[in-house]
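# Descriptive analysis of the structure
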Amino acid sequence: GCGTPWAAPALFGSAKTSCTCSQGCCCLSGLSCTGVVMLVGDSGVGKTCLLVRFKDGAFLAGSFISTVGIDFRNKVLTVDGVKVKLQIWDTAGQERFRSVTHAYYRDAHALLLLYDVTNKASFDNIQVQQHPQPLPLSLIACGNAIGAILTLLCLIPQEYGVPFMETSAKNGLNVELAFTAIAKELKHRSMKLPNEPKFKLHDYVKKEVRGSGCCRS
Ligand SMILES: Nc1nc2c(ncn2[C@@H]2O[C@H](COP(=O)(O)OP(=O)(O)OP(=O)(O)O)[C@@H](O)[C@H]2O)c(=O)[nH]1
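Right, let's walk through the structure included here. (Residues numbered from 1 in each chain as written. Predicted model: local features only at pLDDT ≥ 70, side-chain atom pairs only at ≥ 80, totals over all residues. Heavy atoms only, no water.)

### Concerning the overall build of the chain
Here is the rule we go by: A helix here means a DSSP run of H or I that spans at least four residues, while a strand means a run of E at least two residues long, and both kinds are numbered starting from the N terminus. Exposure classes here rest on a 1.4 Å probe applied to the protein chains alone. A residue is buried below 20% of its type maximum, exposed above 50%, and partly exposed in between. Contacts: residue pairs with any heavy atoms within 4.5 Å of one another. Under the convention used here, a 1.4 Å probe and the Shrake-Rupley method define accessible areas, while residue burial counts only the protein chains that appear.
The secondary structure content of the chain amounts to 6 helices and 6 strands. Counted from the first residue to the last, the chain has its helices and strands arranged as α-β-α-β-β-α-β-α-β-β-α-α. Counting every position in the chain, which comprises 217 residues, the buried fraction comes to 47%. Across the chain, every contact between residues at least 6 apart in sequence was considered, and the portion connecting residues at least 24 apart equals 67%. Of the roughly 10700 Å² of accessible surface on the chain, a fraction of 55% belongs to carbon and sulfur atoms.

Given below as structure tokens:
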């Protein structure tokens, strides 16, 4: 590093993620950056299950316990040799908690917009205009596979300019990718090295995404 004193964020979610010099030395000296990722979407689309799959590698089958208010988990990922600490906020999808959820948007760095691929209304409710503005810079839409494949609605969110992937909390499809893509974006945004090409979230997701591709053109 350049020796510039750097105040590590005391709390997850602090906007201060790098030193003030322009050399990008925070990543070179092995320091980390942090970010807040918020999971939003209707009740029952699988937000809690997606988070539990990512954090613990397990699937919460059986009885559905709806989130009340907001819950959070932390996970540290290493991307391109840099530790990225994600604080993941799992919001309540029920209508009665909407104003609570909306109050948290301004502190989020990224949103994972979740919908159930068998439920058109849940897809309509993640559209950009349904959220308080301005939205965080990084958005990914996740079509979670809740229902039977035969009733799958092929909804194509690309037309809204938001990177899209099919996910499954049940079998783990693309769950790691959703969070890694966000972590990479946050790392590049806060610690871009000189001459480093701009990270393109859309292209990265398109390249790494797995699955049937039935919702992709
Ligand atoms: N088949 C299948 N079922 C899932 C999947 N993800 C979640 N579920 C089921 O969907 C139900 C709701 O999942 P949750 O993760 O609790 O939903 P949520 O979006 O957190 O709901 P709220 O807390 O009310 O906002 C549960 O019964 C899960 O077992 C999935 O990928 N596949």
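### Observations concerning the state of the cysteines
A covalent bond bridging the sulfur atoms of two cysteines is what the word disulfide describes. Selection rule: A pair of cysteine sulfur atoms is labelled a disulfide when the two atoms are within 2.5 Å.
One pass over the structure, following the stated rule, counts 0 disulfides. Sulfur of Cys49: no disulfide; nearest cysteine sulfur belongs to Cys142 and is 14 Å away. Accessibility expressed as a relative area gives 17% for Cys49, which makes it buried. Taking relative accessible area as the criterion, Cys142 reaches 0% and is therefore assigned buried.

### Description of the site of the ligand
The cut-off we apply is this: Nearness is judged by heavy atoms alone; a residue qualifies as near a molecule or strand once a single heavy atom is within 4 Å of it. Think of a polar contact as two N or O atoms within 3.5 Å of one another; within protein, one of them needs to be a possible hydrogen donor and the other a possible acceptor, and neighboring residues in sequence only count if both atoms come from side chains. Cavities and pockets were defined on a 1 Å grid built from protein atoms only: a cavity is a group of points that admits a 1.4 Å probe but offers it no way out, a pocket is an open group of points flanked by protein on both sides within 12 Å along at least five of seven lines, and a lining residue is one with an atom within 4 Å of any such point. Criterion for pocket placement: a molecule counts as inside a cavity or pocket if more than half of its atoms are within 2 Å of its grid points. All amino acids are sorted into three groups, where Ala, Val, Leu, Ile, Met, Phe, Trp, Tyr, Cys and Pro are nonpolar, Asp, Glu, Lys and Arg are charged, and the leftover types, Gly among them, are polar.
Taken together, 23 residues are adjacent to the ligand, and Ser43, Ser66, Thr67, Gly93 and Ala145 come closest. Thr48 places a side-chain nitrogen or oxygen 2.9 Å from an oxygen atom of the ligand. For the ligand, whose free accessible area comes to 660 Å², the fraction covered by protein is 90%. One can see that the ligand is located within the largest pocket. Sorting elements by how many residues they give to the shell around the ligand places helix α2 (residues 47–56) first, with 3 residues. Each residue belonging to the shell around the ligand can be placed in one class, and the counts come to 9 nonpolar, 11 polar and 3 charged.

### Side note on unusual backbone geometry
For the bond from Gln133 to Pro134, the omega torsion is -5°, close enough to zero to count as cis. Inspection of the secondary structure puts Pro134 in the loop between α4 (120–124) and β5 (138–144). For Asp80, which is not glycine, the phi dihedral falls at a positive 50°. The topology assignment puts Asp80 in the loop between β2 (70–79) and β3 (82–91).

### Focus on the nonpolar core
To be explicit about the condition: Remark: nonpolar core denotes a set of buried residues (Ala, Val, Leu, Ile, Met, Phe, Trp, Tyr, Cys) joined through side-chain atoms within 4.5 Å.
If you look at the biggest cluster of nonpolar residues, it comprises 33 residues, and the most contacted ones within it are Leu39, Leu86, Ile88, Leu112, Ile140, Met165 and Phe179. Residue assignment for this core shows that the elements contributing at least two residues are β1 (33–40), α2, β2, β3, β4 (110–116), β5, α5 (175–190) and α6 (201–208). Here this core gets 8 residues from one element, more than from any other, and that element is α5. Beyond its immediate stretch of four places on either side in the chain, Ile88 contacts Val37, Leu39, Leu51, Phe54, Asp71, Phe72, Arg73 and Phe179.

### Section: α6
The cut-off we apply is this: Directions pointing from the helix axis toward each C-beta atom define the arc.
Where α6 is concerned, the buried positions are Leu201, Tyr204 and Val205. All buried residues of α6 fall inside an arc of 95° around its axis, so they share one side. Away from its buried face by more than 90 degrees, α6 exposes Lys206 and Lys207. Of the surrounding secondary structure, the elements contacted by the buried residues of α6 are β5, β6 (164–167) and α5.

### As for the layout of surface pockets
To keep things clear, this is the line we draw: Grid points are joined across faces, edges and corners, and a volume is the space filled by probe spheres set on the points.
Its boundaries defined by the atoms lining it, the largest pocket holds a volume of some 760 Å³. For the largest pocket, the lining is made up of 39 residues, of which Gly46, Cys49, Phe59, Asn144 and Ile146 are closest to its centre. Element by element, the count of residues in the lining of the largest pocket is highest for α2, at 5 residues. Classifying every residue of the lining of the largest pocket by side-chain character gives 16 nonpolar, 17 polar and 6 charged.

### Concerning the environment of Ser43
Here Ser43 is to be found in the loop between β1 and α2. Between the alpha carbons of Ser43 and Gln94 there is a distance of 5.1 Å; along the sequence they are 51 residues apart. Beyond its immediate chain neighbours, meaning those up to four positions away, Ser43 contacts Phe64, Ser66, Gly93 and Gln94. Among the polar contacts made by the side chain of Ser43, one reaches the side chain of Ser66 at a distance of 3.5 Å.

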